[in-house]
Amino acid sequence: MDNTSQIEYWNGPAGQKWVRDADRMDVMLAPFVDAIIASVLPSPGQSVMDIGCGAGALSLNLAGSAVNVSVTGVDVSAPLVELAKQRSAAVSAGIEFIVADAAVWRPKEPVDLVISRFGVMFFADPVAAFANIRASVKPKGRLRFACWRPLQENAWALTPLQAAMHLLTTPPAPPPPGTPGPFAFGDADYVNRVLMDSGWRNITVTPWDGDLALPGTTAEESAAFMLEMGPLSRAMGEQGIDPETVKGVIVAKLQELAGEDGRVRLKAAAWIVEAEA
Ligand SMILES: C[S@@+](CC[C@H](N)C(=O)[O-])C[C@H]1O[C@@H](n2cnc3c(N)ncnc32)[C@H](O)[C@@H]1O
């Protein structure tokens, strides 16, 4: 099993959308940068690997918060890695970004810490991938990542999809458990099993619950973002549906949910996962 289809996906139109929306996405997902690095700040001289680093927000934040650490961001998406490199140009030293499949790639020297913000749910063979990642870590090295809980618990993604469901050709079927994708690690028992079977120990899976402010200062701007990103956008792409035909219902739904300041905040649910090599 290899990751060819995900590699194509993240190097195609989806990768371009993530490049276009990187700044807005980073504002929305900022709480997870804090949740991931809060208690794992590496000591001076330590090395860190960021899996599925995308445009590099987590790597860059960690490099900015810790002293004298080296950070390597690894991602299969060439356009996102290119953006990460541009963003890191202003950072003095100790950070590099590499286009590689984290399921098989290894750093020259084992690292002290592996982190990821929503970048580890796309492996065709998660046990093999996490075994490879473990082999890239020093004895007792640490792993800490965020992954989404099920779609049904994530109103930020579910609400636009439900609002537009009647305009889709067919309701998107939930993917079979374990299928690579944003919600593949929704089941905590499954996450535990994958990590145990790949040799990780002292695993903890802790719920994270909060509201995410959708990008945009009005319902119209937030709707434009949700037509680009998330499961609704994916379903429209697969079914060849023009976003313009769906826009009206999404704007109306988000207007209904907007706060007094016009911003839309919706519930999000994730796991913060920790383990030791
Ligand atoms: C949901 S995005 C998250 C990006 C970034 N961590 C962030 O929070 O902005 C998932 C990322 O995982 C990357 N990815 C998917 N499969 C991968 C693999 N096998 N190895 C490395 N990166 C992968 C994608 O290219 C994409 O950038």
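Residues numbered from 1 in each chain as written. Predicted model: local features only at pLDDT ≥ 70, side-chain atom pairs only at ≥ 80, totals over all residues. Heavy atoms only, no water.

The name given to the protein chain in an unreviewed UniProt entry is Putative methyltransferase, and the organism recorded there is Hyphomonas hirschiana VP5.

(A) Molecular detail of the environment of Arg87. Its location among the elements puts Arg87 in helix H6 (residues 78-88). Measuring from C-alpha to C-alpha, the distance between Arg87 and Ala55 comes to 7.9 Å, with 32 residues separating the pair along the chain. Each residue touching Arg87, except ones within four places of it in the same chain, is listed here: Ala22, Asp23, Asp26, Ala55, Gly56, Ala57 and Leu60. A distance of 2.8 Å separates polar atoms of two side chains, one belonging to Arg87 and the other to Asp26. (Helix = DSSP H or I, 4+ residues; strand = E, 2+ residues; numbered from the N terminus. Contact = heavy atoms within 4.5 Å. Polar contact = N/O pair within 3.5 Å; in protein donor to acceptor, adjacent residues only side chain to side chain.)

(B) Highlighting the site of the ligand. Every one of the 18 residues lining the ligand counts as a neighbour, but Gly52, Asp75, Asp101, Ala102 and Arg117 are closest to it. Contact between the ligand and Gly52: a nitrogen atom at 2.7 Å from a main-chain N or O atom of the residue. Ala102 has a polar backbone atom sitting 3.0 Å from a nitrogen atom of the ligand. In the complex, 96% of the free accessible area of the ligand, which totals 590 Å², lies under the protein chains. Here the shell around the ligand is built from residues that sort into 10 nonpolar, five polar and three charged. (Near = heavy atom within 4 Å. Areas by Shrake-Rupley, 256 points an atom, 1.4 Å probe, with all protein chains shown as cover. Nonpolar A, V, L, I, M, F, W, Y, C, P; charged D, E, K, R; others polar.)

(C) Main features of the packing of helix H7 (residues 126-134) against helix H9 (residues 188-197). Here H7 crosses H9 at 55°, and the two axes come no closer than 8 Å. Put simply, H7 runs oblique to H9. Read as a crossing pair, H7 and H9 show a hand that is right-handed. Taken together, the residues of H9 that come into contact with H7 (itself represented by Pro126, Val127 and Phe130) are Tyr190, Val194, Leu195 and Asp197. For the contact of H7 with H9, the per-class residue count stands at six nonpolar, no polar and one charged. (Axes fitted to C-alpha atoms, helices over the stretch in contact; angles between N-to-C directions. Parallel < 35°, antiparallel > 145°, perpendicular 65-115°, else oblique. Left-handed = near helix turned anticlockwise from the far one by under 90°.)

(D) Broad picture of the state of the cysteines. Enumeration over the complete set of coordinates arrives at zero disulfides. In this structure Cys53 is a free cysteine whose sulfur lies 18 Å from that of Cys147, the closest cysteine sulfur available. Owing to a relative accessible area of 8%, Cys53 belongs among the buried residues under this scheme. (Disulfide = S-S within 2.5 Å. Buried < 20%, exposed > 50% of the residue type's maximum accessible area, 1.4 Å probe, protein only.)

(E) A look at the layout of surface pockets. Here the second largest pocket is characterised by a volume of approximately 210 Å³. Around the second largest pocket, the lining residues are Ser47, Val48, Ser70, Thr72, Glu96, Ile98, Trp105, Pro107, Lys108, Glu109, Pro110 and Val111. Those elements giving two or more residues to the lining of the second largest pocket turn out to be strand E1 (47-51), strand E2 (70-75) and strand E3 (95-99). Grouping the constituent residues of the lining of the second largest pocket by class yields six nonpolar, three polar and three charged. (1 Å grid on protein atoms, 1.4 Å probe; cavity = no way out; pocket = protein on both sides within 12 Å on 5 of 7 lines; lining within 4 Å. Points joined across faces, edges and corners; volume = space filled by probe spheres on them.)

(F) Seen up close, the side chain of Thr159. Relative to the helices and strands, Thr159 is located in helix H8 (residues 155-164). Using a relative accessible area of 13% as the deciding quantity, one classes Thr159 as buried.

(G) Spatial organisation of the pattern of salt bridges. Inspection of the entire model under this criterion finds 13 salt bridges. Across the pair Asp21 and Arg24 runs a salt bridge whose closest N-O atoms are separated by 2.6 Å. Looking at Asp21, the relative accessible area reads 3%, which means it is buried. Exposure remark for Arg24: the relative accessible area of 32% places this residue in the partly exposed category. A salt bridge links Glu153 to Arg149; the nearest nitrogen and oxygen atoms lie 2.9 Å apart. The partly exposed category is assigned to Glu153, whose relative accessible area is 37%. Since its relative accessible area comes to 8%, Arg149 is described here as buried. (Salt bridge = Lys/Arg side-chain N within 4 Å of Asp/Glu carboxyl O.)

(H) Looking closely at unusual backbone geometry. With phi around 55°, Asn68 is a residue other than glycine that occupies positive phi space. Note on placement: Asn68 falls in the loop between helix H5 (57-65) and E2. The exposure class assigned to Asn68 is exposed, which follows from its relative accessible area of 59%.

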